[in-house]
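A structural walkthrough
Residues per chain are reported as follows:
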Amino acid sequence: MTQWYEVKQNHNLGYKLTFFVLKAFPAAFMRFLAFPIGFFYWLFGKKTRHVSKDYLIKLGFSLLSESKNPGTVRLPHSTLKHVMSFALNLVENVQSWAGKFSFKDVVWQNDDVHDLVSHINSGKGTVIVISHLGNAQMMKGLAAMNEGGTERKMEITTISDAKVSQGFNALLNQINPDSSFNLVNSDNIGPETIILLQERLEKGGIVVIAGDRVSAHTDRNIPIEFLGEQARFPYGVFLLLALLNVPTYFVNGLRQKDFSIRPTYDMFVKKNTVDFTCSRKEREERIVQAATDYAKNLEELCKAHPYQWYNFFDFWA
């Protein structure tokens, strides 16, 4: 079975070309080009089509099982649409940092966003758990450009696999040199790293980490039912939430319409309600509970926006 860290990450050249085109042309032009690019990626990506089909089938069965009137359910089935949506997302990632993204097009929901903004404005540290559903870069771009509706600029620390994301993160810093953007290698998290993160949080910084990809360096994961079948979620991510023990939010930025040249985005913010001020024995139970809440929130958003899920590997392996 293929995991995400075994899939070749050859997007950096594409990101650089996208940035070049975005500097020279309107963003809508690059979005238009994403469709033929996405078609060729779909045409020659046999493995991508296979994992996309597997995901869409699981999603379809899940939608049918919870519907009181299955005959009215519109089942997502097109792997081509799925890959086209991914091509648009690649453009959005760079657009979020290149200064050609209008944050007036972001619609904040009546959810926990007010609690998040209030917490940041108070100067306290925050952990944001993102996913590969929707635009994972949008929240970081908002924060770096001080466009997130907060009263102060935020220092962002992203935890990710350096081998996979270092080139892309370097490109983001090149695109936006004024951004307060730091990378911590997920391979090397230990006591010293925890102390570093705690210091940054005490200064009001933001720590960003994805909660839907297991580690390449440990087999310790949390099995959780996701879209009707058991999947693995990373134990280390939710252990980190327990160790840092600061307010945590699950954040997703999603296009209102899956395919649009001039899209509007919904930003969803859900506060993690699990309290980690407890004994070590209770902590293990609460780690599983936090991961389960995260997976449930992710599942609900996948059902609402099926083509904006970009984990193109054997997620249920």
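Here, residues in each chain are numbered from 1, in the same order as that chain's written sequence. Predicted model: local features are reported for residues with pLDDT of at least 70 only, side-chain atom pairs are reported and counted for 80 or more only, and whole-chain, interface and lining totals are derived from all residues. The basis for every side-chain value is the complete set of heavy atoms in the structure, and neither hydrogens nor water enter the calculation.

1. Overview of the packing of aromatic side chains
Note the cut-off: Ring geometry is summarised as follows: Phe, Tyr and Trp rings, the Trp one being its six-membered ring, pair when their centres sit within 6.5 Å, and such pairs are stacked at plane angles under 30 degrees, edge-to-face over 60 and tilted between the two. Only DSSP runs of H or I reaching four residues or more are called helices, and only runs of E reaching two or more are called strands; each is numbered from the N terminus. Any residue under 20% of the maximum accessible area for its type is buried, any over 50% is exposed, and the rest in between are partly exposed; the area is computed with a 1.4 Å probe on protein chains only.
Taken as a whole, this structure holds 19 aromatic pairs when the rule is applied. Each ring, one from Tyr55 and one from Trp309, has its centre 5.8 Å from the other, and the planes form 25 degrees; the classification is stacked. With Tyr55 in helix H3 (residues 46–66) and Trp309 in the segment after helix H10 (280–304), the pair connects residues that are 254 residues apart, well separated along the chain. Considered together, Tyr55 and Trp309 belong to a single accessibility category, that of buried residues. A ring pair is formed by Phe233 and Phe315, whose centres lie 5.6 Å apart and whose planes are at 80 degrees; its orientation type is edge-to-face.

2. Remarks on the nonpolar core
How we decide: The nonpolar core is taken to be a set of buried Ala, Val, Leu, Ile, Met, Phe, Trp, Tyr and Cys residues, with the residues joined through side-chain atoms within 4.5 Å. By the convention used here, residues are in contact when the closest approach between their heavy atoms is within 4.5 Å.
Core analysis: the biggest nonpolar cluster contains 44 residues, and Tyr55, Phe226, Phe233, Phe238, Trp309 and Phe315 have the highest contact counts within it. Among the elements that make up this core, the one with the highest residue count is H10 (eight residues). Those residues within four positions of Phe238 in sequence are excluded, and the remaining contacts are Gly211, Phe276, Ile287, Ala290, Ala291 and Tyr294. The next biggest cluster of nonpolar side chains, apart from the first, holds 16 residues, and it includes Val113, Ile206, Tyr249 and Val269.

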